[in-house]
Amino acid sequence: MNLQSKRHVIEALKKEQDKTKVGEMRDTLPTWCPGCGHFTALHGLYEAVNNLNIAEKDFVVVSGIGCSGRFPFFIKGFGFHAVHGRAIPVATGIKIANPNLKVIVVGGDGDGVGIGGGHFPHAARNNIDLTYLLLDNSIYGLTKGQVSPTSPIGMLSATTPYGNISRPINPSTLGLAYGATYVARTFSKERTYTSEIITDAIAHKGFSFVHVLSPCVEFNKLITYKSIDPHIKHLGEDYKSDNRAKAMELSESNDPIYTGILIKENVPTYLDRANEIINKLQQS
Ligand code: SF4
Ligand code: MG
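Here the structure is a predicted model, which means the values were calculated and not measured.

Novice: What should I look at first to understand the site of ligand 1 in this one?
Specialist: Neighbouring residues of ligand 1: W32, C33, C36, H38, C67, N137, G141, C216, V217, E218 and F219. A breakdown of the residues in the shell around ligand 1 according to their chemical character gives 7 nonpolar, 3 polar and 1 charged.

The following block contains the structure:
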């Protein structure tokens, strides 16, 4: 795409966004490549904040490094652009310091299950009341196309010119294995569905994990909208999101690739349990 047509797309997008209520939440126009899957997650977050009537002063977005790391810049409100892989501990600190805030963590596949992979299990098992959006494009996009922890075997990239030889990680399955009380998967091609899931995830009390299949149109020529789309299947109306073993079985399926809420459990959060102990000690 030449510079002229890119400018045209950006102007059209700006006009479209200015017409919507969610446009009011925008601080600056997103600088992602036209067609990047991350636009869907950003729109989903705008919609969720509107749907749940969350005031600007009551939410904060914390990101790691990567194209998804730019998220806080595109939202009017509090934000923190953390160092690579460290968004979850920063967000945990914010939540514990001010439990009234809705804290959203945004990161990519490399940030979340590569360099920052050691933080995800502990936020999940402790049921820290955060929403974690993992935007998975199976590549490092910001640094121009290196293989990532979710890239499939055989994938060609800047660092795997003869094909990737490492087995990929499935972030949804990790979330389930780590005991997250809410795990959902969605696909950036489905904007309304993604907005509904992000809204539900933010409304959930406890650690809610949303795995967004979010293609990088610039550097990943293998995992694309076209390659994912024929395999997508929504979890049906009759699916009950309360069986972890079943959720793991469905999460591991590559064909179909299930989207929807894999698990949703009501369990006391980290702060609920901590406050219970504080109250007991104060009464003793
Ligand atoms: Fe999106 Fe890829 Fe462009 Fe980054 S490089 S903005 S992930 S399309
Ligand atoms: Mg990535």
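Novice: Would you take a moment to explain the packing of helix α2 (residues 38–51) against helix α7 (residues 191–203) for this structure?
Specialist: Two packed helices can be described by the angle between their axes and the distance between those axes. Relative orientation of the contacting elements α2 and α7 amounts to 50°, with a least axis distance of 8 Å. Relative to α7, the element α2 lies oblique. Taken as a pair, α2 and α7 cross one another with a handedness that is right-handed. Every residue of α7 that contacts α2 at T40, A41, H43, G44, L45, E47, A48 and N51 is listed here: R191, T194, S195, I198, T199 and I202. Here the residues of the contact of α2 with α7 are counted per class, giving 5 nonpolar, 7 polar and 2 charged.

Novice: Teacher, can you tell me more about the pattern of salt bridges here?
Specialist: Where charged atoms from two side chains of opposite charge approach closely, those side chains can pair. The final tally for this structure, using the stated rule, is 7 salt bridges. The closest approach of N and O atoms between D129 and K95, which form a salt bridge, is 3.7 Å. Taken together, the residues span a long stretch of sequence, with D129 in the loop between α5 (120–125) and β4 (131–136) and K95 in helix α3 (residues 87–97) at a distance of 34 residues. R244 serves as the salt-bridge partner of E265, at 2.9 Å between the closest nitrogen and oxygen. Taken as a pair, E265 in the loop between β8 (257–264) and α10 (270–283) and R244 in helix α9 (residues 244–251) lie far apart in primary sequence, 21 residues in all. Overall, the relative accessible area of 25% leaves E265 in the partly exposed class.

Novice: What is the right way to read empty space enclosed by the protein from this model?
Specialist: Over the atoms rolls a probe the size of a water molecule, and in doing so it shows where empty space is left. Counted by the stated rule, this structure contains 2 cavities of 30 Å³ or more. Taken as a whole, the largest cavity spans an internal volume of roughly 60 Å³. Looking at the largest cavity, the residues that line it are G85, A87, I88, V105, V106, G107, D111, G112, G116, H119 and Y132. Those elements that place two or more of their residues in the lining of the largest cavity are α3, β3 (102–108) and α4 (109–115). A breakdown of the residues in the lining of the largest cavity according to their chemical character gives 5 nonpolar, 5 polar and 1 charged. Roughly 40 Å³ of volume is contained in the second largest cavity. As for the second largest cavity, its lining consists of K95, L101, K102, V103, I104, D129, L130, T131, I202 and H204. Looking at the lining of the second largest cavity element by element, the count peaks at 3 residues for β3. Class assignment of the residues belonging to the lining of the second largest cavity gives a composition of 5 nonpolar, 2 polar and 3 charged.

Novice: Whenever I open this one, the coordination of the magnesium ion (ligand 2) confuses me. Can you help?
Specialist: For a metal bound by four donors in tetrahedral geometry, the ideal donor-metal-donor angle is 109.5 degrees, whereas six donors in octahedral geometry ideally sit at 90 or 180 degrees. Coordination of the magnesium ion (ligand 2) by the protein involves D109 (OD), N137 (OD1) and I139 (O), with metal-donor separations of 2.2 Å. Every donor residue of the magnesium ion (ligand 2) comes from the same chain, spaced as D-x27-N-x1-I. Placement of the pair is D109 in helix α4 and N137 in the loop between β4 and α6 (171–177), with a sequence separation of 28 residues. Relative accessible area serves as the criterion here: at 2%, D109 is assigned to the buried category.

Novice: Sorry, what's going on with α3 here?
Specialist: Because an α-helix packs 3.6 residues into every turn, residues spaced three or four apart end up facing the same way. Of the positions making up α3, those classed as buried are A87, I88, A91, T92 and K95. Summarising the axial view, the buried residues of α3 lie within an arc of 130°, below the 170-degree limit, and thus occupy one face. Those residues of α3 that are buried lie in contact with β1 (59–63), β3, α5, β4 and α10.

Basis of the calculations
Residues numbered from 1 in each chain as written. Chains lettered and ligands numbered in written order. Predicted model: local features only at pLDDT ≥ 70, side-chain atom pairs only at ≥ 80, totals over all residues. Heavy atoms only, no water. Near = heavy atom within 4 Å. Nonpolar A, V, L, I, M, F, W, Y, C, P; charged D, E, K, R; others polar. Axes fitted to C-alpha atoms, helices over the stretch in contact; angles between N-to-C directions. Helix = DSSP H or I, 4+ residues; strand = E, 2+ residues; numbered from the N terminus. Parallel < 35°, antiparallel > 145°, perpendicular 65-115°, else oblique. Left-handed = near helix turned anticlockwise from the far one by under 90°. Contact = heavy atoms within 4.5 Å. Salt bridge = Lys/Arg side-chain N within 4 Å of Asp/Glu carboxyl O. Buried < 20%, exposed > 50% of the residue type's maximum accessible area, 1.4 Å probe, protein only. 1 Å grid on protein atoms, 1.4 Å probe; cavity = no way out; pocket = protein on both sides within 12 Å on 5 of 7 lines; lining within 4 Å. Points joined across faces, edges and corners; volume = space filled by probe spheres on them. Donors = N, O, S within 2.8 Å, 3.2 Å for Na, K, Ca; no water. Arc of directions from axis to C-beta.

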